[in-house]
Amino acid sequence: MRKTVSPVDIIYNVYYNCNNMPVSRILALLAALVLPFGTAQALTWDEVLNGDLSDSGSAPTLLGTLASGDNMISGTMGSLGGTGPMDADVWNFTVAPGYDLTGINLLSYSATSGKTNNQSFMAIANGGSINMGDPSNHLSNSLWGYGTDGFGNTYTDLLALLDAGPEFGGIGFNGPLPPGNYTFWIQEGSDQIHYGIDFVTSPTTPVPEPGGVLLLGVAGLWLLGRRRQR
Ligand SMILES: [Ca+2]
Ligand SMILES: [Ca+2]
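The structure displayed is predicted, hence computed values, not measured ones.

Draft legend 1. Representation of the overall build of the protein chain. A tally of helices and strands in the protein chain yields 5 helices and 9 strands. Helices (α) and strands (β) of the protein chain occur, in sequence order from the N terminus, as α-α-β-α-β-β-β-β-β-β-α-β-β-α. Residue burial in the protein chain is summarised as follows: out of 230 residues, 27% are buried.

Draft legend 2. Focus on the sheet that holds strand 4 (residues 89-95). Taken in spatial order, the 5 strands make up an open sheet running 2-4-8-6-7, and their pairing is mixed. At either end of the open sheet lies a strand with only one pairing partner, and these are strand 2 (61-65) and strand 7 (140-145). The sheet shows a mean angle of 20° between the axes of neighbouring strands, taken without regard to direction. Across 7 bridges, the pairing between strand 4 and strand 8 (residues 180-187) is antiparallel. Looking at strand 8, one finds that D89 is bridged to I186.

Draft legend 3. Representation of the sheet that holds strand 3 (residues 69-78). The strand order across the open sheet formed by 4 strands is 1-3-9-5, and the pairing between neighbours is mixed. A strand with exactly one partner marks an edge of an open sheet, and here the two such strands are strand 1 (44-46) and strand 5 (99-111). Averaged over all pairs of adjacent strands, the angle between their axes in this sheet comes to 20°, without regard to strand direction.

Draft legend 4. A look at the environment of L162. Turning to its location among the elements, L162 is positioned in helix 4 (residues 158-164). C-alpha separation for the pair L162 and L143, spaced 19 residues apart in sequence, amounts to 8.7 Å. With sequence-adjacent residues up to four places away left out, L162 is seen in contact with I124, S140 and S142.

Draft legend 5. Geometry of the environment of D100. Along the chain, D100 falls in strand 5. Along the backbone, D100 and T201 are 101 residues apart, and their C-alpha atoms lie at a distance of 5.5 Å. Contact partners of D100, with chain neighbours within four places excluded, come to V95, P176, L177, P178, T201, S202 and T204.

Draft legend 6. Quick look at the nonpolar core. In this structure, I124, L158, W185 and F199 are the most contacted members of the largest nonpolar core, which totals 32 residues. Every element with two or more residues in this core is listed here: strand 3, strand 4, strand 5, strand 6 (119-126), helix 4, strand 8 and strand 9 (192-203). With sequence-adjacent residues up to four places away left out, W185 is seen in contact with G57, A88, V90, M122, A123, I130 and M132.

Draft legend 7. Layout of the confidence of the model for the protein chain. When pLDDT is averaged along the protein chain, the result is 80; 70% of the residues meet or exceed 70. Residue range residues 23-41 is modelled with pLDDT below 50. Its contacts to residues more than four positions away, or to other chains, number 27 contacts.

Draft legend 8. Seen up close, unusual backbone geometry. The linkage connecting G165 with the following residue, P166, adopts the cis geometry, with an omega of 5°. Its location among the elements puts P166 in the loop between helix 4 and strand 8. The backbone of F168 shows a phi angle near 60°, a positive value even though the residue is not glycine. Within the secondary structure, F168 is located in the loop between helix 4 and strand 8.

Draft legend 9. Layout of the pairing of strand 8. Both strand 6 and strand 8 contribute to a ladder of 6 bridges, which runs antiparallel. Among the inter-strand pairings, M122 is bridged to a residue of strand 8, identified as I186.

Definitions and cut-offs
- Residues numbered from 1 in each chain as written.
- Chains lettered and ligands numbered in written order.
- Predicted model: local features only at pLDDT ≥ 70, side-chain atom pairs only at ≥ 80, totals over all residues.
- Helix = DSSP H or I, 4+ residues; strand = E, 2+ residues; numbered from the N terminus.
- Buried ≥ 20, exposed ≤ 12 C-beta atoms within 10 Å, placed from the backbone.
- Pairing = 2+ DSSP bridges.
- Axes fitted to C-alpha atoms, helices over the stretch in contact; angles between N-to-C directions.
- Contact = placed C-beta atoms within 7 Å.
- Core = buried A, V, L, I, M, F, W, Y, C linked by C-beta atoms within 7 Å.
- pLDDT = per-residue confidence, 0-100.

Right, dumping it as C-alpha cells:
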C-alpha cells in the first residue's frame, strides 16, 4: 500500500536531510509542499455539462463557496420565441471570509431570435432563497442585456448595475459584496438568452498563501541549519 506523504513529512525530510541533499531534490520537495495550496480550480457551472440551474427561488442550485478569482457560470434561460416555457435560472453561492465579491462580469449574451435590444432581469438577495414574487427584500434588482445602462456603464459590469440600483424596489448596497451567502436570479420573458457570467472574488486583505508561509519557514530553517554547520 502506498504511503501518503503529508506536508509534515516533507518538512521533516527537508529540515533533517537538506544538508546532504542535492539542491534540485530540495526544490522538488518544496514545490510538492506548495502545490496542494496553489491549485484551487475556479468553480464552473456549465448548463450543457451540469444541467439546468434551478427554476426555484426557494430551492436554488447550490454552487458552494466561490473560488478566489474567477467563477464562470454559463447557460440558457428565458422563453423560446417568447411563447415557450419560461426558464428562470437561480443559484446560491457563498463568499468566503477574507474575500469580497468584487465583480459580476457579463462575458457573453446572445438571443436565440437574433434580436439585439433585449433587456433581461436579474436580482440578488441575502441568504439561501430569493422571493420571486416580491423584489422589495432583494439586495438589488436591475435590467441587463445589450447597450449601456444610462449611468455610463456598459452592461458587462453587472455588479455596477446592481450597485447603481435597485430597480423595482429592493434594499440596495454599496461597493463589493462582503463575505456571506447570496442567491442570484436571472430571467427573460420575451426571448431565449444564452449567457456567460463571471463571479469574481478578491482577498479583502492580500495574505500569503499557507503553502508560501510554510515554504518561507522551511527555507529559513534550512539556511539556519547550514549557517550553524559552518
Ligand atoms: Ca437554464
Ligand atoms: Ca432553470
